[in-house]
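The primary structure of each chain is shown beneath.
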2 protein chains.
Amino acid sequence: MNMGENTYYVSYFIDELFQNGLENVVISPGSRSTPLAMTFSEHPSIKEWIHFDERSAAFFALGMAKRTGKPVALVCTSGTAAANYYPAIIEAYYSRVPLLILTADRPHELRDNGAPQAIDQIKMFGDYVKYFHEMALPENAPSMTRYSRRQASRAYAIANHQNKGPVQLNFPFRDPLVPDLSLPNLWGERSSTYVNHITGCEQVNLQQAEEIFDMVKGYNRGLIVCGELQSHEERDLVLKLAEKWDIPVLADVLSNLRKTIHSNQYIISTYDAILKQQGIRDSLDVDFVIRLGSMPVSKPYMQWITAKQPMHIVVDENQGYREPTSIESTMVYSQPGVLIKQLLECKSMPNLSRDWVDFWLTNDQVAQELLKHHEEKLTEGTAVLTLSEEIKQEQVVFVGNSMPIRDMDTFFLTSNQEVDVMANRGVNGIDGVISSAIGVAATGTPVTLVIGDVSFLHDYTGLFIARQYDLPIRVIVLNNNGGGIFSFLPQYQEKKHFETLFGTPFNPPIKALVDSLDFEYNQPQTLSELRELLRGDFNKPEVIEVVTNRDENLQWHRSKWQQVYESLNREGLS
Amino acid sequence: MNMGENTYYVSYFIDELFQNGLENVVISPGSRSTPLAMTFSEHPSIKEWIHFDERSAAFFALGMAKRTGKPVALVCTSGTAAANYYPAIIEAYYSRVPLLILTADRPHELRDNGAPQAIDQIKMFGDYVKYFHEMALPENAPSMTRYSRRQASRAYAIANHQNKGPVQLNFPFRDPLVPDLSLPNLWGERSSTYVNHITGCEQVNLQQAEEIFDMVKGYNRGLIVCGELQSHEERDLVLKLAEKWDIPVLADVLSNLRKTIHSNQYIISTYDAILKQQGIRDSLDVDFVIRLGSMPVSKPYMQWITAKQPMHIVVDENQGYREPTSIESTMVYSQPGVLIKQLLECKSMPNLSRDWVDFWLTNDQVAQELLKHHEEKLTEGTAVLTLSEEIKQEQVVFVGNSMPIRDMDTFFLTSNQEVDVMANRGVNGIDGVISSAIGVAATGTPVTLVIGDVSFLHDYTGLFIARQYDLPIRVIVLNNNGGGIFSFLPQYQEKKHFETLFGTPFNPPIKALVDSLDFEYNQPQTLSELRELLRGDFNKPEVIEVVTNRDENLQWHRSKWQQVYESLNREGLS
């Protein structure tokens, strides 16, 4: 009872993924997927991770792939299993994370005819995968094992090519499903890829780069603005360009320009706080903006440039259209690192006004000092400020959406430590956040996750992965018992349905849930208790619950922004 | 700061759903969905349910809609929120459950351009919705409120028309999002639908019905086979036809023919056990099968008819192709109730052999007696047998997929109590089972859920709905620490990767998870303790954990099947 005669079709497929560089596969239990699951497990070098919930399995894979910049494979059985991948696939598509979705399926004769656990899996993720292919039924004929190698290589290359993203291969399998793993030369004894992909990247020529330079060189109030970048190399090039051009860089928390051992004197980490009040936005003119990476989190920034309409140059890798303001813009399609190198080669440089540069550098200092000298009260904001102070070299902070990412963007300040901040900002879901952070931890880096209580509950099953593999994840749950962000929105004025629909106090039993997994749990009562906890090392899962109050939180934020507003040095305003 | 001028567009839409019969809406928190969420909450007669996890929210809605046979509305915000609905939508599509998916979206100018929490929601569920419509931006012009009423009525009618299923309307909303609920005549003062749908049903004419009858009347070894039926009316007609024709009815546990106050002497509930051994299947010939409802759960039945190839008549409502064996078949498209009435009107009746009828009726008694006189040891099988004995009139048993549905099909025997059994057998996922069962409980019926431990963990967040609304759900978790069903499959022979990939012992902390929600929890150690618990009433959430052992379970099942095999009366075998 084995599928011996078809074993090589799958084992060569998997070997080819390995030859391309695949290191991790995340498998959810099932029967139809047996050929893939067992053969992956047999592979001596690919690490398999098992998780029962396909939704969090996919976000876990996404976290790993996002951190390593390399495809991670996902394997699930037929039926709704694959549909649970959908949220993570959409996030991966928009945040450009490479995933290899390998879905097992019933063979054609058992589809759409009442056979159990069979759905139509053909193109079931629509346009959210870069490539879909329905695989042939397994056959060991040389022509077919060549085909399975080619498809492995091709799928890997497409996922990993600019813009990176998810691809799906759908595998029909007939009974019997168990492969014969005792066959000789299971992996084909290759030491390189069967199909090798040498891929270029989109770039403008030098003349086009000079034209971009010529557009901005006559102006003296310019900015570089960085959202999430794709690599440290891009980040380092931005730092070089800032030094050479003497130009402020508004650095979103996800740009990872804020905390780095490199010189970061031009990095403005507090621009969200600086631009928060309309009075500043109205009186601060700006001539040009060069944006790299994704749209920044900051809403005040977006409101400001929408109102001021500076010359707007948006650089993107090879496609995509991350420009929601609809102001007059130049879209530059080029690998950003290549473009910055070209700009660095231009002999002359822009000549920004001293007032302008000083406005940003001075006020960033002003705002940072003000924020650093915060009170000792434990609030969501001071929790993030304390994390900014205490986070250790080479660690990663993963940030939940809704309030945590906004607090991190406002209060996670510059320093000379190498700390990366990550988040699921493709489409900003509150789903799958725990699993994604644990995926980063699975690459060997200790991860501190900052997350709200609703998002925590939403992805609770993800914590089982951390338990299963004892991964270094420290979860800070900012528990304000509900949807804290809505207090900042106009819905808050409508008291009638507010608590039911937006406040949504679900009374999350955080401690009990954490205890059920035997993780270390702490609930600091004061900021100094939190600081002590953050100073500790961790190499396994632990949870810190910070209980806050939504109304107090709203007041605290408003008063901070007011303080920043009042302290700003207004020289340099237009 | 309100959208007063667009309020009626949404409020009339919701009123029209109400006029069509909508009673329930399940809302997940979000900002973009504010116009729908607040207006639904304001409606005096539609009940709103709030749940933070869209995946379980959708399965919860599915449970309600499946039980009531009427559409339930779902509301979520933009982004991956809607993608979390996908598993439940696919289940609803295949199990023909009407759902109204109302997804809020960014307006067109903020789509696919880097604006936060915006994905391409157009046709994002592919062919899994019966109808998709992108709504116009809200406007209060009479032509547009007429349009919004029409779309409400139309979507409701399509979801509710044969075959029932999910539909999606996608709503672009611009800021400001808060409606003005103080406006006069918010619901338009109608007392009936604006667009009324009078829908027929597919049916064959009398002559065609007689032709069907003529096909079978010359044979004396015939069966009616019933999978899941759509209504009690269909079920009662099947009982009448069985009486009139003197014909055995192989009744899947989801047919709800087993436990009914009506006479059910022809109902064979043990056919799975009877057909389990190949010896019986080989020696038992059959001339014709008329199948109503979905494919039965029983694999032995499928193997038997695939081998014997009887004349095969499959009745289905108006489309669908629930016939996976590919044996020569007649597909009859007619509303089954109408067809049975036509067959009942045919003057003559089939003349089955006494031996044949007695083989089934006698052996069903033999098998039932044998199973009823089970040992007092607590196993998965005896737990289900005891539930079969103790379940109370008018209650519902909801069954998880994988092992529980198979155990229920084998061991849930006939009796003269009115008990319905339900399951998600559209595509048999282990996902969303808790939420679906709680959805049934939300209609006012106490529900006993029988579920495995992996499926329990998968949908743990669903339990928060039961906590929030204090619903009458009793969960029996059959905890064998992993994927019990795989022990019955060929994978079990491959010890090398079995536990990692298929056994998957996740050590689920069931008690701790239940305690975290403050539900009553019991873990019976003996069968009599379980019986005592099952005899108790319940009107709020409680959990009974039955700890079993996968290997013991396998042996117990095998010995039961062997006992049944040895006890069968072989007269009537061909």
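In this text, all values refer to a predicted model and were calculated from it rather than measured experimentally.

**Looking at the overall build of chain A**
Scanning chain A for helices and strands turns up 22 helices and 18 strands. A globule of 574 residues ought to have a C-alpha radius of gyration of about 25 Å, and chain A, at 25 Å, matches this closely. Dimensions of chain A along its principal axes, counting C-alpha atoms only, are 80 × 60 × 45 Å. Taking all 574 residues of chain A together, the buried fraction comes to 66%. Accessible area of chain A: about 18900 Å², with a carbon and sulfur share of 46%. Between the averaged position of the 51 positive side-chain charges in chain A and that of its 71 negative side-chain charges there is a distance of 2 Å.

**Re the packing of helix H3 (residues 54–68) of chain B against helix H5 (residues 86–95) of chain B**
Residues and elements named next belong to chain B. Put simply, H3 and H5 touch, their axes get as near as 8 Å, and they point 20° apart. Viewed along their axes, H3 and H5 adopt a mutual orientation that is roughly parallel. The handedness of the crossing between H3 and H5 comes out as right-handed. Contacts from Ala-58, Phe-59, Leu-62 and Lys-66 in H3 reach Pro-87, Ala-88, Glu-91, Ala-92 and Ser-95 in H5. When grouped by side-chain class, the residues that make up the contact of H3 with H5 number six nonpolar, one polar and two charged.

**Re the nonpolar core**
Ranked by size, the top nonpolar core spans 226 residues in total, and within it Phe40(A), Leu102(A), Phe456(A), Phe40(B), Leu102(B) and Phe456(B) carry the most contacts. Look past the residues within four positions of Leu102(A) in its chain and what remains in contact with it is Phe13(A), Leu17(A), Leu36(A), Phe40(A), Ala73(A), Leu74(A), Val75(A), Cys76(A), Leu169(A) and Phe171(A).

**Quick look at the domain arrangement of chain A**
Residue and element names in this part refer to chain A. We note that the domain assignment places domain 1 (4–172), domain 2 (206–363) and domain 3 (374–565) within chain A. Listed per partner, the contact involves four residues of domain 1 and eight residues of domain 2. Per-residue buried area on domain 1 facing domain 2 is highest for Arg-96, Gln-162 and Asn-163; these three make up 77% of the total on that side. At the boundary of domain 1 and domain 2, one finds two salt bridges. The shortest N-O distance in the salt bridge between Arg-96 and Asp-316 comes to 2.6 Å. Here domain 1 and domain 2 share six residue pairs in polar contact (both at pLDDT 80 or more) between them. Here the residues of the side of domain 1 that touches domain 2 are counted per class, giving no nonpolar, two polar and two charged.

**With respect to the sheet that holds strand S3 (residues 72–76) of chain A**
Residue and element names in this part refer to chain A. The strand order across the open sheet built from six strands is S2-S1-S3-S4-S6-S5, with neighbouring strands paired in parallel fashion. The open sheet has two free edges, formed respectively by strand S2 (47–50) and strand S5 (131–134), since each of these has just one partner strand. Taking the axes of each pair of neighbouring strands and ignoring which way they run, one obtains an average angle of 20° across the sheet. In this structure, strand S1 (residues 24–27) lies alongside S2, joined through four bridges in parallel fashion. In the sheet register, Val-25 faces S2, and the bridge partner there is Glu-48. Of the strands in this sheet, S1, S2, S3 and strand S4 (99–105) touch helix H3 (residues 54–68), which is tilted by about 170° from S3.

**Overview of the pattern of salt bridges**
Applying the stated rule across the entire model yields 64 salt bridges over all chains. Taking the shortest distance from any N to any O, the salt bridge between Lys377(B) and Glu552(B) comes out at 3.4 Å. Of this pair, Lys377(B) sits in the loop between helix H13 (354–372) and helix H14 (380–390) while Glu552(B) sits in helix H22 (residues 550–567), and the two are 175 residues apart along the sequence. Look at Lys377(B) and you get partly exposed, because its relative accessible area is 44%. Connected through shared salt-bridge partners, Glu376(A), Glu389(A), Glu390(A), Arg531(A), Glu532(A) and Arg535(A) make up one network.

**A look at the packing of helix H15 (residues 403–411) of chain B against H22(B)**
All names here are of chain B. The interhelical angle for the contact between H15 and H22, taken along N-to-C directions, is 25°, at an axis separation of 13 Å. By the angle between their directions, the pair H15 and H22 is classed as roughly parallel. Read as a crossing pair, H15 and H22 show a hand that is left-handed. Contact with H15, carried on its side by Met-403, Asp-407, Thr-410 and Phe-411, involves Asn-553, Trp-556, His-557 and Trp-561 of H22 and no other residues of that element. When its residues are assigned to classes, the contact of H15 with H22 shows four nonpolar, three polar and one charged.

**Re the interface of chain A and chain B**
Chain A puts 76 residues into the contact, and the matching count from chain B is 77 residues. Buried area between chain A and chain B, both sides added, is near 6500 Å², and the carbon and sulfur share of it is 63%. The largest contributions to the chain A side of the interface with chain B come from Phe52(A), Leu501(A) and Phe506(A), which together make up 10% of the buried area. Inspection of the chain A/chain B interface yields four salt bridges. Glu42(B) is the salt-bridge partner of Lys496(A), the closest N and O atoms lying 2.7 Å from each other. Our count for the contact surface shared by chain A and chain B stands at 32 residue pairs in polar contact (both at pLDDT 80 or more). When its residues are assigned to classes, the side of chain A that touches chain B shows 40 nonpolar, 22 polar and 14 charged.

**Overview of the pairing of S3(A)**
All names here are of chain A. Among the five residues in S3, five count as buried, and that is most of the element. Here S3 shows no split at all, with Val-72, Leu-74 and Cys-76 on one side and Ala-73 and Val-75 on the other all buried. In the sheet, S1 pairs with S3 via three bridges, with the strands oriented parallel. Each residue of the ladder has a partner; that of Ile-27, found in S3, is Val-75. The pairing of S3 with S4 spans five bridges and is parallel. Looking across to S4, one finds that Leu-74 is bridged to Ile-101.

**Details of the relation of the copies chain A and chain B**
Each copy of the sequence occupies a distinct position, and chain A is placed on chain B by a rotation of 180° and an axial shift of 0.0 Å, giving an RMSD of 0.0 Å. Taken together, the rotation angle and the small translation identify this as a two-fold axis. In terms of C-alpha distance to the rotation axis, chain A has Leu513(A) as its closest residue, with the C-alpha 3.2 Å off the axis.

**Thoughts on helix H13 (residues 354–372) of chain A**
A rise of 1.5 Å per residue sets the reference length of H13(A), with its 19 residues, at 27 Å; its end C-alpha atoms lie 26 Å apart and thus fit the reference within 8%. Restricting attention to buried positions, one finds in H13(A) the residues Trp356(A), Val357(A), Phe359(A), Trp360(A), Leu361(A), Asn363(A), Asp364(A), Ala367(A), Gln368(A), Leu370(A) and Leu371(A).

**Notes on helix H16 (residues 433–441) of chain A**
Burial analysis of H16(A) places nine of its nine residues in the buried class, the great majority of the element. Every buried residue of H16(A) is listed here: Val433(A), Ile434(A), Ser435(A), Ser436(A), Ala437(A), Ile438(A), Gly439(A), Val440(A) and Ala441(A).

**Some details on unusual backbone geometry**
All names here are of chain A. The residue after Asp-175, namely Pro-176, is reached through a cis peptide bond having omega -10°. Inspection of the secondary structure puts Pro-176 in the loop between strand S6 (166–172) and helix H7 (206–216). Positive phi values are uncommon outside glycine, yet Asn-507 reaches one of about 45°. Within the secondary structure, Asn-507 is located in the loop between helix H19 (495–503) and helix H20 (510–516).

**A short note on the environment of Ser402(B)**
All names here are of chain B. Residue position: Ser-402 is located in the loop between strand S13 (396–399) and H15. Under the relative-accessibility criterion, Ser-402 is labelled partly exposed at 24%. Ser-402 has contacts with Ile-430 and Ile-485, leaving out every residue within four places of it along the chain.

**Thoughts on the UniProt feature "domain: Menaquinone biosynthesis protein MenD middle" (unreviewed entry) in chain A**
According to UniProt, the "domain: Menaquinone biosynthesis protein MenD middle" (unreviewed entry) feature falls on residues 187–399 of chain A. Between the C-alpha atoms that bound residues 187–399 of chain A there is a distance of 40 Å. The span itself is 40% helix and 14% strand.

About the criteria used
Residue numbering note: each chain is counted from 1, following its sequence as written. Ligands are numbered from 1 and chains lettered from A, in the order in which they are written. Selection of residues for local features in this predicted model requires a pLDDT of at least 70, selection of side-chain atom pairs for listing and counting requires 80 or more, and totals for whole chains, interfaces and linings are taken over all residues. The basis for every side-chain value is the complete set of non-hydrogen atoms in the structure, without hydrogens or water. The helix count covers DSSP runs of H or I at least four residues long, the strand count covers runs of E at least two residues long, and both are numbered beginning at the N terminus. Between the two quantities, the radius of gyration covers C-alpha atoms and the globule rule is 2.2 Å times the number of residues to the power 0.38. Burial classes: relative accessible area under 20% of the type maximum marks a residue as buried, over 50% as exposed, and values in between as partly exposed (1.4 Å probe, protein chains only). Using a 1.4 Å probe, accessible areas were evaluated by the Shrake-Rupley method; residue-level cover was limited to the displayed protein chains. Counting rule for charge: Lys and Arg are taken as positive, Asp and Glu as negative, and neither His nor the chain ends is counted. Taken as the charge centre is NZ of Lys, CZ of Arg, CG of Asp or CD of Glu, depending on the residue. Lines are fitted to the C-alpha atoms to define the axes, a helix being fitted only along its stretch in contact, and any angle between axes, read from their N-to-C directions, falls within 0 to 180 degrees. Between 65 and 115 degrees an angle is taken as roughly perpendicular, under 35 as roughly parallel, over 145 as roughly antiparallel, and anywhere else as oblique. Here a crossing is taken to be left-handed if its near helix is turned anticlockwise relative to the far helix by less than a right angle, and right-handed if that turn runs clockwise. Note on contacts: a residue pair qualifies if any of its non-hydrogen atoms lie within 4.5 Å across the two residues. Note on residue categories: nonpolar means Ala, Val, Leu, Ile, Met, Phe, Trp, Tyr, Cys or Pro, charged means Asp, Glu, Lys or Arg, and polar means any other residue, Gly included. Here the nonpolar core consists of buried residues drawn from Ala, Val, Leu, Ile, Met, Phe, Trp, Tyr and Cys, with membership extended through side-chain atoms lying within 4.5 Å. For every domain, the bounds stem from an assignment made automatically or drawn from a database. The term buried area refers to how much accessible surface (probe radius 1.4 Å) is lost by two components on association, counted for both of them together. The salt bridge criterion pairs a side-chain nitrogen of Lys or Arg with a carboxyl oxygen of Asp or Glu, the two atoms within 4 Å. Identification of polar contacts relies on pairs of N or O atoms within 3.5 Å, with a donor-acceptor requirement for protein atoms, meaning one able to donate a hydrogen and the other able to accept it, and with residues adjacent in sequence counted only if both atoms are side-chain atoms. Two strands qualify as a pair provided that DSSP identifies no fewer than 2 bridges between them. Superposition of the copies was done by least squares, using only C-alpha atoms of residues whose pLDDT is at least 70 in both. How far a helix is expected to stretch is found by multiplying one less than its residue total by 1.5 Å. UniProt positions are given in the numbering used here, feature names are shortened, and annotations may be inferred rather than shown by experiment.

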